[in-house]
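If you want the building blocks of each chain, they are given just below.
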Amino acid sequence: MSRMVLLLAGAVLCALPLSAQEVWREGHNIGGLTLYEGNRAEASLGGSFTSGGFRLPSEAASLWQTGAQARTESHYKDLLFVGAFSFDVRHGKDMMGSMFTLPGYYPIDVLEFTPGPKTRQTYGLGGGMALKTGSRWIPGFTLQFQGINYSKRKDLRHTTYRQELQFSPSIFYNGDRWKAGAALILDKNSEFIQAEQIGTATAETYLAFLDKGKRYGILEAWDGGGIHLADPGVDRLAVNQLFWGLMAQVSLEERLFGEVEYSHSAGHVGEKGYTWYRFPGEDMKGKALWNISGKKGVHTLGADVSWSIIHNFESVIDRVTTGGVTVPAEYAGNHIYEKRTLTAGTSYGYESGAGWGLSALASVNLERDLGTYMFPYLNYDASTVVNLALAGHGNLGPFTLEGGVSFRQEVDEDHDIIDSDEEEDGVLTFPSRLDYWWDAEEEYSDISLLGVYLNLRYNFMINRKFAFFVEAGCSLSHAFGVILLPGSNRQSTHLTFGYNF
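Just so we're clear, the structure is a prediction, and the values are computed from it rather than from any experiment.

Engineer: It is not clear to me how the side chain of Ser44 should be interpreted in this structure. Could you clarify?
Structural biologist: Within the secondary structure layout, Ser44 lies in strand 1 (residues 40-51). Judged by relative accessible area, which is 12%, Ser44 ranks as buried. Sequence-distant contacts of Ser44, that is, excluding residues within four places in its chain, are made with Gly67, Ala68, Gln69, Phe469, Thr496, Phe497 and Gly498.

Engineer: It is not clear to me how the confidence of the model for the chain should be interpreted in this structure. Could you clarify?
Structural biologist: Detail in the predicted coordinates should be disregarded across regions flagged by low pLDDT. Across the chain, pLDDT averages 90, with 92% of residues at or above 70. Across residues 1-19 the pLDDT falls below 50, and counting only partners more than four positions away or on other chains, this stretch makes 66 contacts in the model.

Engineer: Please explain the pattern of salt bridges as it appears in this structure.
Structural biologist: Working definition: two side chains of opposite charge can pair if their charged atoms are close together. Inspection of every chain in the model, using the stated rule, returns 21 salt bridges. For Arg177, the salt bridge is made with Glu253, and the minimal N-O distance between the two is 3.4 Å. Note that Arg177 is positioned in the loop between strand 6 (157-174) and strand 7 (178-196) and Glu253 in the loop between strand 10 (237-252) and strand 11 (256-271), a separation of 76 residues in sequence. Residue classification places Arg177 among the partly exposed positions, given a relative accessible area of 43%. Residue classification places Glu253 among the partly exposed residues on the basis of a relative accessible area of 31%. A salt bridge links Glu253 to Arg255, with the nearest nitrogen and oxygen atoms 3.3 Å apart. In this structure Arg255 comes out as partly exposed when scored by relative accessible area, which is 37%. It is possible to trace a salt-bridge network through shared partners that takes in Asp109, Asp211, Arg215 and Glu441.

Thresholds applied
Residues numbered from 1 in each chain as written. Predicted model: local features only at pLDDT ≥ 70, side-chain atom pairs only at ≥ 80, totals over all residues. Heavy atoms only, no water. Helix = DSSP H or I, 4+ residues; strand = E, 2+ residues; numbered from the N terminus. Buried < 20%, exposed > 50% of the residue type's maximum accessible area, 1.4 Å probe, protein only. Contact = heavy atoms within 4.5 Å. pLDDT = per-residue confidence, 0-100. Salt bridge = Lys/Arg side-chain N within 4 Å of Asp/Glu carboxyl O.

See the structure below:
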């Protein structure tokens, strides 16, 4: 397969991973890649099997996955091209729970409760180009598309479609020592769920749960008016989200690199005039790298920080009929949910000139959730989690060995519910919650967790011309003190064949 075919096919935009010393590969400005030389491409085909009881309720008891991907980077006198494509299929056993392709991505969710097989197909197309104009200013852009089809063929059946489109025009300044860049962020994603029931359910009513945050919401028949899967005139639950923002980068030769990013998002649930929820948000990210050259290798110090906030407003909607025509009328919006997340981390890496390397990572994640679903009740949840990781890699002749260990520990939590049963408040019931589901997810997120992984790659040549590799690996995780989840362990094993050209 030629490099030009890959460029035309495109895919999930990603420059090929090289040495951490090439600092502009750590950023999101394609113009920075013009600093480096060498055409390269890689194609691979592989599969994996995942099993074990330590899993979220929406995850599969066992999962098979197979897929193919290819990516390339090509340098010419006046142009730089990058491109890739990918496709994978996943089949899960005994799945239920979230109908969305990425559970937890949006501030709402829809759950179903009939265990059965689910299939998900993911495909990506994308690429990018930078123009070498002969001056210090280098314009460029990246474009990426990804689609996901997700289906269940056992009642309650559903089909979910997701699309993501990202476009980022950029400019890069190539100075003698200092280099800088800037890029716009334009990102749109959408997803919709279509549910159906085949035949007549005689002794069973298929229930669904509309989650408004923290597993508070509405539990009723899947085609009921509160779930929004089968509203009159609207036969699906649709979600749309748009991001726009700006990022900037700066570096001092290959020693120092920094990048900052800010984006604002606006999302809504519903269509055809029925906007059930609106969820605006903000994201900020920053990273810094410092390369220190030694006698036999390069030390790299890194720091990352990210902050985000998302709100959810539930609309007050009525159907108004005038002259025999019914149209939606939106009167107001109630602020029912807010989530804040702060993550900060530091890292160290060493790359030896002999081909081996070590790395270490430490990070702290703080999450704060506030739910105000029904006056006067308020639910507050907070947690602080520490993550530690060590990894290393090295060459053993034609073999490359890579392995690592990680540990997660919750160090602080704060769960508080403020309520009132006073009659003058006008509220006689508590907001409904799926307690058993929430408790299991909280255990998964907060429990102490140890993980290890090991990958072995064999590189070989055919006819002294074609460079192939085969890689096998396994990752294991063990949770301490599991009570509610089906088990304490989870494993994933993979096998990949690839070709470098």
